[in-house]
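# Inside the fold
Letter by letter, the chains look like this.
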Amino acid sequence: MTTARFPDGFLWGGATAANQIEGAYDEGGKGLSIQDVTPRGIMHDRVAGPTADNLKLEGIDFYHRYAEDIALFAEMGFTVFRFSIAWSRIFPNGDEETPNEEGLAFYDRVLDELEKHGIEPLVTLSHYETPLHLAERYDGWVNRDLIGFYERYARTCFERYGDRVKYWLTFNEINSVLHIPFGSGGINTPRDELSKKDLYQAIHHELVASARVTRVAHEINPDLKVGCMVISMPIYPLTPNPDDVIAVMNADHANLMFSDVHTRGYYPGYAQRFFRENGIVLDITDQDREDLAHTVDFVSFSYYMSICESGDPQVKADGAGNIMGGVPNPTLAASEWGWQIDPKGLRIVLNQFWDRWQKPLFIVENGLGAKDQLVEVDGEMTVEDDYRIAYLNDHLVQVAEAIEDGVELWGYTTWGPIDLVSASTAQLSKRYGFIYVDRNDDGTGSLTRYKKRSFDWYAEVIRTNGASLEAREALKV
Ligand code: BG6
């Protein structure tokens, strides 16, 4: 047992995204999104149109089974559920004047269900699901017109759901656009043809849009809390060589610029230098500057792994090991997908973010993607996922440490409380859930839900507000 102290009212739950759970890709008047043409996942090239091998087209059928799934979350004691609204359900092409009522009504029903169980919604407006038409016709966020389309979409959501949804996130992992321009920014220009200038202009448009809708939300209802959402990634120097430390500083700057702008309202000096030295002259209007000044209420982030950096180009080239680049850490074990497991990194990042911005924080993704084995125990089908329990336990112990350090943290949602389609690989076999979904990578399966061992474990963590967590030495290599 640990002395873990989580504040009263701490929000416990799980997080999902529309494109990874809903399915029903062409029902209810929904238009296509960029997910409908990336059957191998967002790290891979797009195809022309929807194909039968794309597991996201059916997802885990949350579109029809949301009531059953939310009841299971309630059984675990969730007090918050993070989900995203599919932009292309509300504005099928993205650039229409009026929204699709059938799409709006679907999320009304989801919210009814959450309300019934006393679960607070946490809504992401854009989670890697830009309407495909905006990618193809406008080249996504490279085009300034996207700001207006997104504002109309966000305003529609705030007006429709603003009295039932208090917590909003503008863009999922906004800093990922650096690595996945199509998946994250709907930018149709192939990555190797995209200029730095266009990439940073797209980033600028997203930052302006995020700030503008933060203002709009507050105008509609001053009680709404709007947060940015970034990939957090503690970066360690591979050695004490100052060149490695400078490499860490530069990599941090590239990632943290997004939340620096969201929390401060302007581009920091290191970003100005980067633009200058790379010949990037952004088109920034007076209105943009005014918009950017509307800073977020809180900072939310995903946490899966840490990385190392090196100032030695040779080491860097040889050391590619983690999905987001960097150099593998020789002291850490990794998941089956090569993501290095580092619970203490979560405490480090919580402290770093709190010290840097002094804004409340929200961990909106954390978890272990693993291959699960469905087995029969006492006549019930289940998964004995002690590895997942260990992973989450060790991370939450570090969260408790960070709270002890004085970090203000509003809540914690594990990624994929129910198995869903992976974003990076589009597999179902990369499972994160407390709830097993019978669907396989080849699309077969009954979609039946089964509780894993971690289901009861997480329910106990929530019931005791973290007191049941166990302080123990984390996995070593
Ligand atoms: C985050 C995304 O990058 O990580 C999620 O916001 C994603 O959409 C999650 O699913 C886990 O990644 P993956 O590739 O294992 O699904």
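Since the structure is predicted, the reported quantities are computational estimates derived from the model, not experimental observations.

### Focus on the pattern of salt bridges
All told, the structure shown has 35 salt bridges when counted by the stated rule. Across the salt bridge formed by D108 and R160, the nearest N and O atoms sit 2.6 Å from each other. With D108 in helix α4 (residues 101–116) and R160 in helix α6 (residues 145–161), this pair connects stretches of sequence that are 52 residues apart. With relative accessibility at 27%, the residue R160 sits in the partly exposed group.

### Some points on the layout of surface pockets
What the largest pocket holds in volume is close to 860 Å³. As for the largest pocket, its lining consists of 34 residues, of which N250, A251, H253, A254 and F274 are closest to the centre. Where the lining of the largest pocket is concerned, the elements lending two or more residues are α8 (196–220), α9 (242–264), α10 (269–277) and β8 (307–309).

### Comments concerning empty space enclosed by the protein
By rolling a water-sized probe across the atoms, one finds the places where empty space is left. Under the defined criterion, the tally for this structure stands at six cavities of 30 Å³ or more. Counted as a void, the largest cavity has a volume near 380 Å³. Forming the walls of the largest cavity are 27 residues, and the residues nearest its centre are Y128, E173, Y304, W339 and A423. Here the lining of the largest cavity is composed, by residue class, of 15 nonpolar, nine polar and three charged. One number sums up the size of the second largest cavity: a volume of about 100 Å³. Lining the second largest cavity we find 13 residues, and of these A18, N19, K30, S33 and D36 sit closest to its centre.

### Here we look at the site of the ligand
Taken together, 13 residues sit near the ligand, with E173, E365, A423, S424 and Y432 positioned nearest. H127 has a polar side-chain atom sitting 2.8 Å from an oxygen atom of the ligand. W415 places a polar side-chain atom, nitrogen or oxygen, 3.1 Å from an oxygen atom of the ligand. With the chains in place, 95% of the 380 Å² that the ligand exposes on its own is no longer accessible. At a threshold of 2 Å from the grid points, most atoms of the ligand map onto the largest cavity. For the shell around the ligand, the class distribution of residues is five nonpolar, five polar and three charged.

### Overview of the sheet that holds strand β4 (residues 167–171)
The parallel closed barrel is built from eight strands, whose spatial order is β1-β2-β3-β4-β5-β7-β9-β12. The average angle at which neighbouring strand axes cross in this sheet is 25°, direction not considered. As defined by bridge partners, strand β3 (residues 120–126) adjoins β4 across four bridges and the pair is classed as parallel. When the sheet's bridge partners are listed, V123 is paired in β4 with W168. Here α4 sits on the sheet and contacts β2 (80–84) and β3; the angle it forms with β2, its principal contact strand, is near 170°. Packed on one face of the sheet, α6 meets β3 and β4 and runs near 165° to β3.

### Overview of the side chain of E113
Turning to its location among the elements, E113 is positioned in helix α4. Excluding residues that lie within four positions of it along the chain, E113 makes contacts with Y66, A67 and I70.

### Focus on the packing of aromatic side chains
Applying the stated criterion across every chain, the model contains 39 aromatic pairs. Geometrically, the ring pair formed by F353 and W357 is tilted, given 4.7 Å between the ring centres and 50° between the ring planes. Taken together, the residues F353 and W357, both in helix α13 (residues 343–357) and four residues apart, mark about one turn of the helix. The pair formed by F353 and W357 is uniform in burial state, with each residue classed as buried. Sitting above the plane of the F106 ring, R89 keeps its charged end 5.7 Å from the centroid. Here R431 stacks its cationic end above the ring of Y436, 4.0 Å away from the centre of that ring.

### Digging into α9
Across its 23 residues, α9 extends only 28 Å between first and last C-alpha, which sits more than 12% below the 33 Å expected from 1.5 Å per residue. Of all the bends found along α9, the most pronounced is centred on L256 and spans about 50°. Among the residues of α9, the N-terminal cap falls to N241, whose side-chain oxygen and the backbone nitrogen of D243 are separated by 2.8 Å. Where α9 ends, the next residue or the one after it, G265, has phi of about 95°, a positive value.

### Quick look at the environment of G411
For G411, the position within the fold is in strand β12 (residues 409–415). Among the residues examined, G411 registers a relative accessible area of 0% and is labelled buried. The sequence separation of G411 and T79 amounts to 332 residues, and the corresponding C-alpha distance is 9.4 Å. What G411 contacts, discounting residues up to four positions off in sequence, is F10, L11, L361, F362 and I363.

### Thoughts on the nonpolar core
Residues I85, Y161, W168, M257, F301, L350 and Y458 are the most contacted members of the largest nonpolar core, which totals 136 residues. With 11 residues, the top contributor of residues to this core is α8. In terms of nonpolar packing, the next biggest core, distinct from the first, is built from 10 residues, V80, Y167, M229 and F362 among them.

### Quick word on the pairing of strand β7 (residues 298–302)
Within β7, five of the five residues are buried, which leaves it mostly tucked inside the rest of the structure. Residues F298, S300 and S302 line one face of β7 and the alternating positions V299 and F301 line the opposite face, and both faces are buried. Two strands pair when backbone bridges link them, and β7 and strand β9 (residues 361–365) are joined in this way by four bridges, in the parallel orientation. What sits directly across from V299, in β9, is L361.

### Some thoughts on unusual backbone geometry
Across the chain, the bulk of peptide bonds are trans and the bulk of non-glycine residues have phi less than zero. Phi is positive for A24, which is not a glycine, with a value near 50°. Structurally, A24 is set in the loop between α1 (18–21) and α2 (62–76). Positioned with a positive phi, D139 is a non-glycine residue whose angle comes to about 65°. Position of D139 relative to the elements: it lies in the loop between α5 (132–138) and α6. Residue classification places D139 among the buried positions, given a relative accessible area of 17%.

Cut-offs and rules
- Residues numbered from 1 in each chain as written.
- Predicted model: local features only at pLDDT ≥ 70, side-chain atom pairs only at ≥ 80, totals over all residues.
- Heavy atoms only, no water.
- Salt bridge = Lys/Arg side-chain N within 4 Å of Asp/Glu carboxyl O.
- Helix = DSSP H or I, 4+ residues; strand = E, 2+ residues; numbered from the N terminus.
- Buried < 20%, exposed > 50% of the residue type's maximum accessible area, 1.4 Å probe, protein only.
- 1 Å grid on protein atoms, 1.4 Å probe; cavity = no way out; pocket = protein on both sides within 12 Å on 5 of 7 lines; lining within 4 Å.
- Points joined across faces, edges and corners; volume = space filled by probe spheres on them.
- Nonpolar A, V, L, I, M, F, W, Y, C, P; charged D, E, K, R; others polar.
- Near = heavy atom within 4 Å.
- Polar contact = N/O pair within 3.5 Å; in protein donor to acceptor, adjacent residues only side chain to side chain.
- Areas by Shrake-Rupley, 256 points an atom, 1.4 Å probe, with all protein chains shown as cover.
- Sits in = over half its atoms within 2 Å of the grid points.
- Pairing = 2+ DSSP bridges.
- Axes fitted to C-alpha atoms, helices over the stretch in contact; angles between N-to-C directions.
- Contact = heavy atoms within 4.5 Å.
- Phe/Tyr/Trp six-rings, centres within 6.5 Å; stacked < 30°, edge-to-face > 60°.
- Lys NZ or Arg CZ within 6 Å of the ring centre and 35° of its normal.
- Expected span 1.5 Å × (residues − 1).
- Bend = angle between axes of the 7 residues up to and from the residue.
- Core = buried A, V, L, I, M, F, W, Y, C linked by side-chain atoms within 4.5 Å.

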